[in-house]
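# Structural overview
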Amino acid sequence: MSYKFKLAAFALSAWIAFTNISAQAQETYDTDQSHTELLFQWNHSGVALQHGEFTKVTGVLNLVEDALEKSEINVTINTASISTGYEPLDDVLKGSEWFNVEKYPEATFKSTSIEVTGEKTAKITGDLTIRSITKPVVLDATLTHYGPHPVAQYVAFYKGQWAAFSATTEIRHQAFGVGPYSMGGIKIQIHTKLKAR
């Protein structure tokens, strides 16, 4: 094989690699706090359902549009932002036996894999860390919007590219060292809008 042919082959390989990278370029999105909810629900002794929310949640989505399974999402939860609508219960949950927010001010979720299951659905597997204990969880996610925001023509903030999705999962809080007794499965719902940088 001649030197010129080798050089041409190398150039062609480099061009193919470059165009492939370009096609799978990442686009980074940040959560919009005013449209992000992390809700949780549990059954209180079989008597009634109770609900709460973490009101301060930030996330970053690195989206690979042409290869969604290569996308990544990282979420940080301010544990002191827990709110059940009843302050005495909030104080208990913030205390040392539960979330211990002074020692562990943040909980995190970092995706490890994404499996596309439908046109607008995916299973997002990741590591959830609470009180420095990390366990794998799977989010059942549904894309609810992708593209320009429908109110961008009226409000400048909404100009640009947006993505929105909801997701659900269920955890056992004691697996993360949270609480002196079990309240059963904790159902978690996440609803968020994200804006491209």
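Residues numbered from 1 in each chain as written. Predicted model: local features only at pLDDT ≥ 70, side-chain atom pairs only at ≥ 80, totals over all residues. Heavy atoms only, no water.

So, about the overall build of the chain. Each helix and strand counted, the chain has 2 helices and 10 strands in total. Secondary structure elements of the chain, listed N to C terminal, follow the sequence α-β-β-β-β-β-α-β-β-β-β-β. A total of 197 residues make up the chain; the buried ones form 36% of that total. Within the chain, contacts between residues separated by at least 24 positions form 55% of all contacts whose residues are at least 6 apart in sequence. Carbon and sulfur atoms make up 56% of the accessible area of the chain, which totals about 11900 Å². (Helix = DSSP H or I, 4+ residues; strand = E, 2+ residues; numbered from the N terminus. Buried < 20%, exposed > 50% of the residue type's maximum accessible area, 1.4 Å probe, protein only. Contact = heavy atoms within 4.5 Å. Areas by Shrake-Rupley, 256 points an atom, 1.4 Å probe, with all protein chains shown as cover.)

A few words now on a nonpolar patch on the surface. On the surface, a nonpolar cluster with roughly 330 Å² of combined accessible area is contributed by Tyr154, Val155 and Phe157. Relative to the helices and strands, Phe157 resides in the loop between β8 (133-148) and β9 (161-172). By relative accessible area, which is 41% here, Phe157 ends up partly exposed. (Patch = residues over 30% accessible without salt bridge, like charges linked within 9 Å, V, L, I, M, F, W, Y side chains within 5 Å. Salt bridge = Lys/Arg side-chain N within 4 Å of Asp/Glu carboxyl O.)

Burial runs high along strand β3 (residues 57-64): 6 of the 8 residues are buried. Relative to β3, strand β1 (residues 26-44) runs antiparallel, the two sharing 5 bridges. If you follow Gln26 over to β3, its bridge partner there is Val64. Bridge count for β3 against strand β4 (residues 72-78) is 6 bridges, and the pairing is antiparallel. Each bridged residue has a counterpart across the sheet, and for Thr58 the counterpart in β4 is Thr76. (Pairing = 2+ DSSP bridges.)

The backbone phi angle of Ser45 is positive, close to 60 degrees, even though this residue is not glycine. Mapped onto the elements, Ser45 comes out in the loop between β1 and β2 (48-54). Its relative accessible area of 64% is what places Ser45 among the exposed residues. Despite not being glycine, Ser132 shows a phi value in the positive range, around 65 degrees. When its relative accessible area of 60% is taken as the criterion, Ser132 is described as exposed.

What follows covers the side chain of Ser71. With respect to the helices, strands and loops of the structure, Ser71 is situated in the loop between β3 and β4. For Ser71, a relative accessible area of 6% puts it in the buried group. Polar side-chain contacts of Ser71 include one of 2.9 Å to the backbone nitrogen of Val64. Ignoring sequence-local partners within four residues, the contact set of Ser71 consists of Asn62, Leu63, Val64, Ser111 and Ile114. (Polar contact = N/O pair within 3.5 Å; in protein donor to acceptor, adjacent residues only side chain to side chain.)

Geometric descriptors of this kind do not, in isolation, establish any biological role.
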